[in-house]
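Each chain, letter by letter, is given below.
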2 protein chains.
Amino acid sequence: MAVELKQLTKRSENYSQWYNELVVKADLAEQSPVRGCMVIKPYGYAIWEKMQAELDKKFKETGHVNAYFPLLIPKSYLSREAEHVEGFAKECAVVTHYRLKNAEDGSGVVVDPAARLEEELIIRPTSETIIWSTYKNWINSYRDLPILCNQWANVMRWEMRTRLFLRTAEFLWQEGHTAHATREEAEAEAMKMINVYGDFAENFMALPVIKGTKSANERFAGALDTFTIEGLMQDGKALQCGTSHFLGQNFAKAFNVQFVNRENKLEYVWATSWGVSTRLMGALIMTHSDDNGLVLPPNLAPIQVVIVPIYKNDEMLARIDERVNPIVDELRRRGISVKYDNADNKRPGFKFADYELKGVPVRLVIGGRDIENNTVEVMRRDTLTKETRSLDNIEAYVVDLLKDIQDNIYKKALDYRNAHITKVDTYDEFKEQIEKGGFILAHWDGTTETEERIKEDTKATIRCIPFEADEESLTPGKCMVTGKPSARRVLFARAY
Amino acid sequence: MAVELKQLTKRSENYSQWYNELVVKADLAEQSPVRGCMVIKPYGYAIWEKMQAELDKKFKETGHVNAYFPLLIPKSYLSREAEHVEGFAKECAVVTHYRLKNAEDGSGVVVDPAARLEEELIIRPTSETIIWSTYKNWINSYRDLPILCNQWANVMRWEMRTRLFLRTAEFLWQEGHTAHATREEAEAEAMKMINVYGDFAENFMALPVIKGTKSANERFAGALDTFTIEGLMQDGKALQCGTSHFLGQNFAKAFNVQFVNRENKLEYVWATSWGVSTRLMGALIMTHSDDNGLVLPPNLAPIQVVIVPIYKNDEMLARIDERVNPIVDELRRRGISVKYDNADNKRPGFKFADYELKGVPVRLVIGGRDIENNTVEVMRRDTLTKETRSLDNIEAYVVDLLKDIQDNIYKKALDYRNAHITKVDTYDEFKEQIEKGGFILAHWDGTTETEERIKEDTKATIRCIPFEADEESLTPGKCMVTGKPSARRVLFARAY
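These figures come from a predicted structure and were not determined experimentally.

1. Digging into the nonpolar core
Consideration 1: Of all hydrophobic cores here, the largest spans 228 residues; its most connected members are A:Ile123 and B:Ile123.
Consideration 2: Once residues within four sequence positions are removed from consideration, B:Ile123 is found in contact with A:Leu71, A:Leu72, A:Val95, A:Ile123, B:Leu71, B:Leu72, B:Ala93, B:Val95 and B:Met156.

2. Observations regarding the packing of helix 10 (residues 314–333) of chain A against helix 13 (residues 394–419) of chain A
Residues and elements named next belong to chain A.
Consideration 1: Closest axis-to-axis distance for the helix 10/helix 13 pair is 9 Å, and the angle between their directions is 45°. As judged from the angle between their axes, helix 10 and helix 13 are oblique. Crossing of helix 10 against helix 13: the hand is right-handed. Facing helix 10, whose interface residues are Pro-326, Ile-327, Glu-330 and Leu-331, helix 13 presents Ile-394, Glu-395 and Val-398.

3. Side note on the pattern of salt bridges
Consideration 1: For the structure on display, the rule yields 70 salt bridges over all chains.
Consideration 2: A salt bridge links A:Arg99 to B:Glu91; the nearest nitrogen and oxygen atoms lie 3.4 Å apart. Residue A:Arg99 is located in the loop between strand 5 (94–97) and strand 6 (100–102), and its partner B:Glu91 is located in the loop between helix 5 (82–88) and strand 5 (94–97); the two belong to separate chains.
Consideration 3: Among the salt bridges present, the one from B:Lys411 reaches B:Asp415, with a minimum N-O distance of 2.9 Å. With B:Lys411 and B:Asp415 both in helix 13 (residues 394–419), this residue pair falls four residues apart, about one helical turn.
Consideration 4: Several salt bridges share partner residues, and in doing so they unite A:Asp27, A:Glu30, A:Lys41, A:Asp354 and A:Lys358 into one network.

4. Digging into the sheet that holds strand 17 (residues 305–310) of chain B
Residue and element names in this part refer to chain B.
Consideration 1: Strands sit in the order 18-17-19-20-21 across an open sheet of five strands; the sheet is mixed. Two strands in the sheet have a free side with no partner beyond their single neighbour: strand 18 (338–340) and strand 21 (385–390). Averaged over all adjacent pairs, the angle separating strand axes in this sheet is 20°, with direction ignored.
Consideration 2: In this structure, strand 19 (residues 362–367) lies alongside strand 20 (residues 375–380), joined through four bridges in antiparallel fashion.

5. Some words on the layout of surface pockets
Consideration 1: Within this model, the second largest pocket holds a volume of roughly 2000 Å³.
Consideration 2: Lining the second largest pocket are 42 residues, with A:Asp27, A:Tyr43, A:Lys339, A:Asp354 and A:Lys358 sitting closest to its centre.
Consideration 3: Among the secondary structure elements, those contributing two or more residues to the lining of the second largest pocket are helix 2 (15–25), helix 3 (42–61), strand 18 (338–340) and helix 11 (348–357) of chain A together with strand 3 (65–66), helix 6 (128–138) and strand 9 (147–156) of chain B.
Consideration 4: Per-element tally for the lining of the second largest pocket: the top contributor is helix 3 of chain A, with five residues.
Consideration 5: In terms of residue class, the lining of the second largest pocket is made up of 19 nonpolar, seven polar and 16 charged.

6. Concerning the relation of the copies chain B and chain A
Consideration 1: By a simple turn and slide, chain B fits onto chain A: the slide is 0.0 Å along the axis, the RMSD is 0.0 Å, and the turn is 180°. Interpreted geometrically, this transformation is the action of a two-fold axis. Using C-alpha coordinates, one finds that chain B approaches the rotation axis most closely at B:Val95, a distance of 2.1 Å.

7. Topic: the interface of chain B and chain A
Consideration 1: With 66 residues of chain B at the contact, the number on the chain A side is 66 residues.
Consideration 2: When chain B packs against chain A, close to 5100 Å² is buried across both sides, 65% of that on carbon and sulfur atoms.
Consideration 3: Interface area lost by chain B to chain A is led by B:Tyr68, B:Tyr98 and B:Leu100, which between them contribute 13%.
Consideration 4: At the junction of chain B and chain A, the tally comes to four salt bridges.
Consideration 5: Linking B:Glu49 and A:Lys60 is a salt bridge whose minimum nitrogen-to-oxygen distance equals 3.0 Å.
Consideration 6: Here chain B is connected to chain A by 30 residue pairs in polar contact (both at pLDDT 80 or more).
Consideration 7: Of the residues that constitute the side of chain B that touches chain A, the class distribution is 40 nonpolar, 11 polar and 15 charged.

8. Some details on helix 6 (residues 128–138) of chain A
Consideration 1: Burial analysis of helix 6 of chain A places nine of its 11 residues in the buried class, which makes it a mostly covered element.
Consideration 2: Looking only at helix 6 of chain A, the buried set comprises A:Glu128, A:Thr129, A:Ile130, A:Ile131, A:Trp132, A:Ser133, A:Thr134, A:Tyr135 and A:Trp138.

9. Remarks on the environment of B:Ile421
Residues and elements named next belong to chain B.
Consideration 1: Checked against the element boundaries, Ile-421 lands in strand 22 (residues 421–423).
Consideration 2: Ile-421 sits in the partly exposed class, given a relative accessible area of 28%.
Consideration 3: As a C-alpha pair, Ile-421 and Leu-491 span 70 residues in sequence and 8.8 Å in three-dimensional space.
Consideration 4: Sequence-distant contacts of Ile-421, defined by excluding residues within four places in its chain, comprise Ile-210, Phe-439 and Leu-441.

10. Some remarks on the pairing of strand 21 of chain B
Consideration 1: Relative to strand 21 of chain B, strand 20 of chain B runs antiparallel, the two sharing six bridges. Bridge assignment links B:Arg380 to a residue of strand 21 of chain B, and that residue is B:Thr385.

11. Regarding the packing of aromatic side chains
Consideration 1: Inspection of the entire model under this criterion finds 36 aromatic pairs over all chains.
Consideration 2: Taken together, a centroid distance of 5.6 Å and an interplanar angle of 20° make the contact between A:Phe200 and A:Phe204 stacked. Per residue, the accessibility class of A:Phe200 equals that of A:Phe204, and both read buried.
Consideration 3: Members of the aromatic cluster, connected to one another through ring pairs, are A:Trp48, A:Phe59, A:Trp152, A:Tyr197 and A:Trp274.
Consideration 4: Over the face of the ring belonging to B:Tyr496 we find B:Lys237, whose NZ or CZ atom lies 4.3 Å from the ring centre.

What counts, and where the lines are drawn
Residues numbered from 1 in each chain as written. Chains lettered and ligands numbered in written order. Predicted model: local features only at pLDDT ≥ 70, side-chain atom pairs only at ≥ 80, totals over all residues. Heavy atoms only, no water. Core = buried A, V, L, I, M, F, W, Y, C linked by side-chain atoms within 4.5 Å. Buried < 20%, exposed > 50% of the residue type's maximum accessible area, 1.4 Å probe, protein only. Contact = heavy atoms within 4.5 Å. Axes fitted to C-alpha atoms, helices over the stretch in contact; angles between N-to-C directions. Helix = DSSP H or I, 4+ residues; strand = E, 2+ residues; numbered from the N terminus. Parallel < 35°, antiparallel > 145°, perpendicular 65-115°, else oblique. Left-handed = near helix turned anticlockwise from the far one by under 90°. Salt bridge = Lys/Arg side-chain N within 4 Å of Asp/Glu carboxyl O. Pairing = 2+ DSSP bridges. 1 Å grid on protein atoms, 1.4 Å probe; cavity = no way out; pocket = protein on both sides within 12 Å on 5 of 7 lines; lining within 4 Å. Points joined across faces, edges and corners; volume = space filled by probe spheres on them. Nonpolar A, V, L, I, M, F, W, Y, C, P; charged D, E, K, R; others polar. Least-squares fit on C-alpha atoms with pLDDT ≥ 70 in both. Buried area = accessible area lost by both parts, 1.4 Å probe. Polar contact = N/O pair within 3.5 Å; in protein donor to acceptor, adjacent residues only side chain to side chain. Phe/Tyr/Trp six-rings, centres within 6.5 Å; stacked < 30°, edge-to-face > 60°. Lys NZ or Arg CZ within 6 Å of the ring centre and 35° of its normal.

Listed below in structure tokens is the structure:
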């Protein structure tokens, strides 16, 4: 493992390769035999489970319930909402048959041509259509509203170029789908959920994000407004980490979902949808990790503390075990996930490299001399710094240290992000700056034409119109491209 | 709701219709627009989540980790294991294309014939093949073993006749897939997991089950041994509630998964798989519920206690609220899920019927006179009995009552099950008895021919060869059909 670790490409050499290697070597995920579909390995899945648990708690605290809707969607449903079909229908897995049969030549199984579906079914790329066709039967009156459902599910989009976690044909996500009696309530829900995501990203994942509204061009297909949280990766590219959509009455109209309002009149229902996916694993990796491997915020680390003994013989190991076991117990009692790795089939150097690669936040090393001196070597993964400390009250120290690491990882990412937001006023400056990576705040005339020209020229897109901005950014100016009036600066970047 | 409730068909009139109505009226699930696929509604999903949480805890306590494998399986994989393909490959959803395009006549979207897959993909009916093709890369040496993975996933089997929860085209489940260095270890794992399921069914779901081994004919396609837990529903039919399979080296051979053993020799890996599904929701409903609706064991009830106030005016409600709020707080502090339903848009009678239908285990009713007398009416759902009690220490009483209800529901189901196991010695007796429903213990000559003849004659199958049996059942006898020697009695029933 130490040997393999040395082969991890440096970020400065090839960031993209570093990422691909790290995902595989840290046992997070791997390509499957099915094109574009990944296997999420146990260590990677354990991190995803921690994200799920925290998000699920936040959804329930904000009044949402979970439900489950079908994987397959009748093809015709996709065409019901005109913009939606343009955005989603094209690249997706199509089920056309429901039976196989033995090949006549004995070579295996073949599709039974007699078992052709009357209407093809699509593996859900997102569930607005199937869910709104269901909500139709759940809603009669304003008393049936709001409906605040979330679903944890797999979805499929037939991406041509895939990368583990960032863009895969199949991925795991949650999708919230809510139904409301008024426009105001639906807008407030969409905003509430982008704030839930922002809070989760920053305070749980230690991932600084900029919250804002998408330009018309970057909106979800079928939405009136899309809110987003945008992170900045260490290579200067942005990553969309989660979105929340105000869908207006578009899906209610497409599926004819009306309700009797308080004034006893029929009205179309107002909708939102919002989701985050296993893409967050990519954001996590690319925001915090380094050339030695993963750096995990303690909140997401499957193993928060590893203890490695260094010993020459069984007798010494027995003495170390005796001293370490109560520490393990006490740390667990305090809710810390600890691994005491006294396996004798790997050298300490191998173990050190492996736990660094896996991003374990705190490593304690105890040798024979430490037992004599009542000391322990403490290494923190985020800074890779070591110190020797007394074993007295080491548990309380470790608990505090984990909090400190969580804070420090966030602060480091925030400092990096803040140092990579540049204001530019001319298109030449923009073209120069975009090559350096990072976010750019610039004036834009508000048109899709200009936005598309910028994308064509520079590969940069408008990531969002940030909710929060300094006063100068909110002062009207002139579009850097066309010179036309601009209400305020918006946020650009090249993005994943 | 009270009106609808009255329309719930009685079990004695039509058990099957009672079940279908109850699933829908109690808001557990409903048919979706996609043939055979269900929508699991929030109330039903909340029960499933409680099952998931407890099972997941038990899997982790027994050393398992979660992972995620692809939804789609290359068609050719299914043919690799000869028996497996016979059992599974036939009725399944087949993905043949990966793109839609706009219809030329503007009528919507059509499958793009240019986007045909080279090899068709199957939506997983179970994941042995894709997982063993993955394990091949994870396993080199005995040091890589065991692998103890579980997956929570959706699967699909194109069933022709579907019923909500019991038999649906898409269902949710968990599937454990483990890899071992020795036959003994794999056999012990398969046995361990059927015991985990049995413990879960009996002690968490209050569902008495008979554990045993399947006959060769009823084995999982590709297994050397299938262990099962079998429940008995109130209509006298058996329901297979979970299975655990010892797969031998079949899948390792099919996917060429070998390892270097301790003697430095190449050997095929030994395997198990085990799963339970949303079918357990069907078992839950059909074991405990009655003509008034669901009866839920407190462990699985989304709402364990409901409190309904009865009041004539706002002033009286305010006084009740004041008395009830601290009770709600104290019950929640004790980990009880409580709903105080003081909504004024439904009459108490409506609420009572609705919470009975939903199976809320304990109902407290408090009126103005109760406040004066410091009393409360307590109704337990399992027996539908009411008593008036002092409000003093009501919280401790309710906590104990919930335990008592959990125990009583189990005992009731166990008594029913035990009263419906009959020993018969002749085929005529068997044919007569099977019409009455229930389990039958009878002698069988051990051949598939006899087993199939019994099935043809009576629709009864061998549910299992029970692990535990009284001495007489373990005494050799003569097959009730052929008169040939029989080693012991085995368990028959008609089954779902």
